[in-house]
Amino acid sequence: MASKIIVKNLKKAFGPLEVIKDMSLEVEDREVVVVIGPSGSGKSTFLRCLNRLESIDGGTVIIDGFDLTDKSVDINKVRRNIGMVFQHFNLFPHKTALGNVMLAPITLGILSKTQATERGLEMLRKVGLSDKANVYPAQLSGGQKQRVAIARSLALNPDVMLFDEPTSALDPEMVSEVLAVMKELANGGMTMVVVTHEMGFAREVGDRVIFMDGGYIVEEGSPEELIRNPKEPRTIDFLRKVL
Amino acid sequence: MKALNLFTQHLPTFLKALAITTYVTVISLIFATLIGIVFGLFKISKKKPLVLAANFYLSIIRGTPLLVQTLFIYFGLPMALGFRWPWATFYWRSQPILAAIVIMSLNAGAYMTELVRGGIESVDPGQMEAARSLGMSYGQAMVQVVMPQALRTMLPSIVNQFIVTLKDTSLLSMIGLRELVQNAKIIVANNMEALTMYAIVGLFYWVIVTLLSSAASNLERRTTYGK
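So, here's what we can say about the structure. (Residues numbered from 1 in each chain as written. Chains lettered and ligands numbered in written order. Predicted model: local features only at pLDDT ≥ 70, side-chain atom pairs only at ≥ 80, totals over all residues. Heavy atoms only, no water.)

1. Some details on unusual backbone geometry
Phase 1 of the analysis: Phi is positive for Asp64 of chain A, which is not a glycine, with a value near 55°.
Phase 2 of the analysis: Structurally, Asp64 of chain A can be placed in the loop between strand E4 (58-63) and strand E5 (66-67). (Helix = DSSP H or I, 4+ residues; strand = E, 2+ residues; numbered from the N terminus.)

As structure tokens, then:
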């Protein structure tokens, strides 16, 4: 079975600053990969290269068979299949919760307005926010905002979801509601790449954990072996600080 | 009272002049907004020629007085290009309405360009990223996500630009457009009542500007969504 995501020798620099030096990784269909590492290690940049929110300077990224470095590939089409959830939610403040979820399917001409409404309500139900459909983001709590953001991505029926520190901007009491939605997604067979500091989530939901530092993958393995028995000194050092 | 008599006596022509002033301002502001959106997008574009084109336009308009622009466009261009600015043939006969609108649109367009650029830049870049990550094109993301938010924050500034343009139309008396000032000049030429007539003109501007200013500060107070 072919891998869902294939990253080969990825490189990314911001001016003189090499953020990703050389990364290779394959993610299987329905696999949940958790990326951990100190801040500045390049994990967010790595994630943003997977849907080309950051341009790719070297190497290849192949998602669902589409080579993102190939100029002839319509990146907008590929992105429909890759949901992304941001640390700061990035909900559209001028749209209601339902409006946020409906916008892309309608704008992209995938669904009619009636279909999009139906689909939007279904997605909001999935994240437990049916009652907030007509509420603007300003009136939602952080946890609710992030769940709407997840619903917004799901509306396009993606088969890969990228999470960029989805709980880092949340008050502690709201972390679990977002993680619960993510866990449900994972159980439903979604292919996921999650950048997070939530070691509990990594252990419970992750199929594989990757430790990044200095633009490289330093160590990878099952959550059990990597979190319980890290081998690399840098991994040991990092885990001692966060656990 | 003499001033009041003068006011009521000349009210019909002043109302007509006020209509011209308002018409030219409103139509010009609409075009200026379109110009502003186009050049504002040029300005934030990554394509060098577009940025240069926008900068050239801005520097010409902002670097020269409106009066010079008016004279250049109304008297200069027809000489160079061999055409005549048409006069309105409809309701406001013998009025250089088209030239007036072109002059004011080009002028206000430059200032609107800066407003649009500032408005777009005030929107969190995460908004564009979120829209793009959902598969929207740059244009779709601009229209559906960034612009609505940018326009909303720009609204008070647009009203302020409206005020500026409204007052600037007084310079169009130079090309014989019978707006408020030109109307007063014509009357003063007959009755020599400069003090009263120009005070009346000032009053007209003051009333409109005051109304618009309070509208602008009202808008400023309501710029958040769902609150």
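2. Brief notes about the environment of Ser45 of chain B
Residue and element names in this part refer to chain B.
Phase 1 of the analysis: As for its position among the elements, Ser45 is in the loop between helix H1 (2-44) and helix H2 (48-62).
Phase 2 of the analysis: By relative accessible area, Ser45 is classed as buried at 18%.
Phase 3 of the analysis: Setting aside its immediate chain neighbours within four residues, Ser45 contacts Leu50 and Val51.
Phase 4 of the analysis: A distance of 2.8 Å separates a polar atom in the side chain of Ser45 from the backbone nitrogen of Lys47. (Buried < 20%, exposed > 50% of the residue type's maximum accessible area, 1.4 Å probe, protein only. Contact = heavy atoms within 4.5 Å. Polar contact = N/O pair within 3.5 Å; in protein donor to acceptor, adjacent residues only side chain to side chain.)

3. Here's the deal with the packing of aromatic side chains
Phase 1 of the analysis: The full count for this structure, using the stated rule, is seven aromatic pairs over all chains.
Phase 2 of the analysis: Between Phe211 of chain A and Phe238 of chain A, the ring centres sit 5.2 Å apart and the planes meet at 40°, which makes this aromatic pair tilted. Placement of Phe211 of chain A in strand E9 (residues 208-213) and of Phe238 of chain A in helix H9 (residues 233-242) is noted, with a sequence separation of 27 residues between them.
Phase 3 of the analysis: On the basis of relative accessibility, which here comes to 8%, the residue Phe238 of chain A falls in the buried class.
Phase 4 of the analysis: Relative to Trp85 of chain B, the ring of Phe83 of chain B has its centre 5.2 Å away and its plane inclined at 70°; by these criteria the two rings are edge-to-face.
Phase 5 of the analysis: By relative accessible area, which is 14% here, Trp85 of chain B ends up buried.
Phase 6 of the analysis: An aromatic cluster is present here, built from Phe7, Phe14 and Phe204 of chain B joined pairwise through their rings.
Phase 7 of the analysis: Directly above the ring of Phe92 of chain A sits Arg152 of chain A, whose terminal nitrogen or CZ lies 4.4 Å from the centroid. (Phe/Tyr/Trp six-rings, centres within 6.5 Å; stacked < 30°, edge-to-face > 60°. Lys NZ or Arg CZ within 6 Å of the ring centre and 35° of its normal.)

4. Brief notes about the interface of chain B and chain A
Phase 1 of the analysis: Every contact between the two is made by 20 residues of chain B and, on the other side, 25 residues of chain A.
Phase 2 of the analysis: Between chain B and chain A the total buried area reaches about 1,900 Å² when both faces are included, carbon and sulfur atoms providing 61% of it.
Phase 3 of the analysis: Counting across the interface, chain B meets chain A through one salt bridge.
Phase 4 of the analysis: Residue Glu129 of chain B is joined to Arg48 of chain A by a salt bridge in which the shortest nitrogen-to-oxygen separation is 2.6 Å.
Phase 5 of the analysis: Remark: the boundary between chain B and chain A carries six residue pairs in polar contact (both at pLDDT 80 or more). (Buried area = accessible area lost by both parts, 1.4 Å probe. Salt bridge = Lys/Arg side-chain N within 4 Å of Asp/Glu carboxyl O.)

5. Observations concerning the sheet that holds strand E6 (residues 82-85) of chain A
Residues and elements named next belong to chain A.
Phase 1 of the analysis: Pairing is mixed across the open sheet formed by six strands, whose spatial order is E6-E7-E8-E3-E9-E10. Pairing within the sheet leaves two strands with one partner each, and these edge strands are E6 and strand E10 (216-221). Across the sheet, the axes of successive neighbouring strands diverge by a mean angle of 20°, strand direction being ignored.
Phase 2 of the analysis: The sheet strands contacting helix H6 (residues 172-187) are strand E3 (32-36), strand E7 (160-164) and strand E8 (191-195), and the helix crosses E8 at an angle near 145°.
Phase 3 of the analysis: On the sheet, H9 packs against E3, E9 and E10 and is oriented at approximately 100° with respect to E9. (Pairing = 2+ DSSP bridges. Axes fitted to C-alpha atoms, helices over the stretch in contact; angles between N-to-C directions.)

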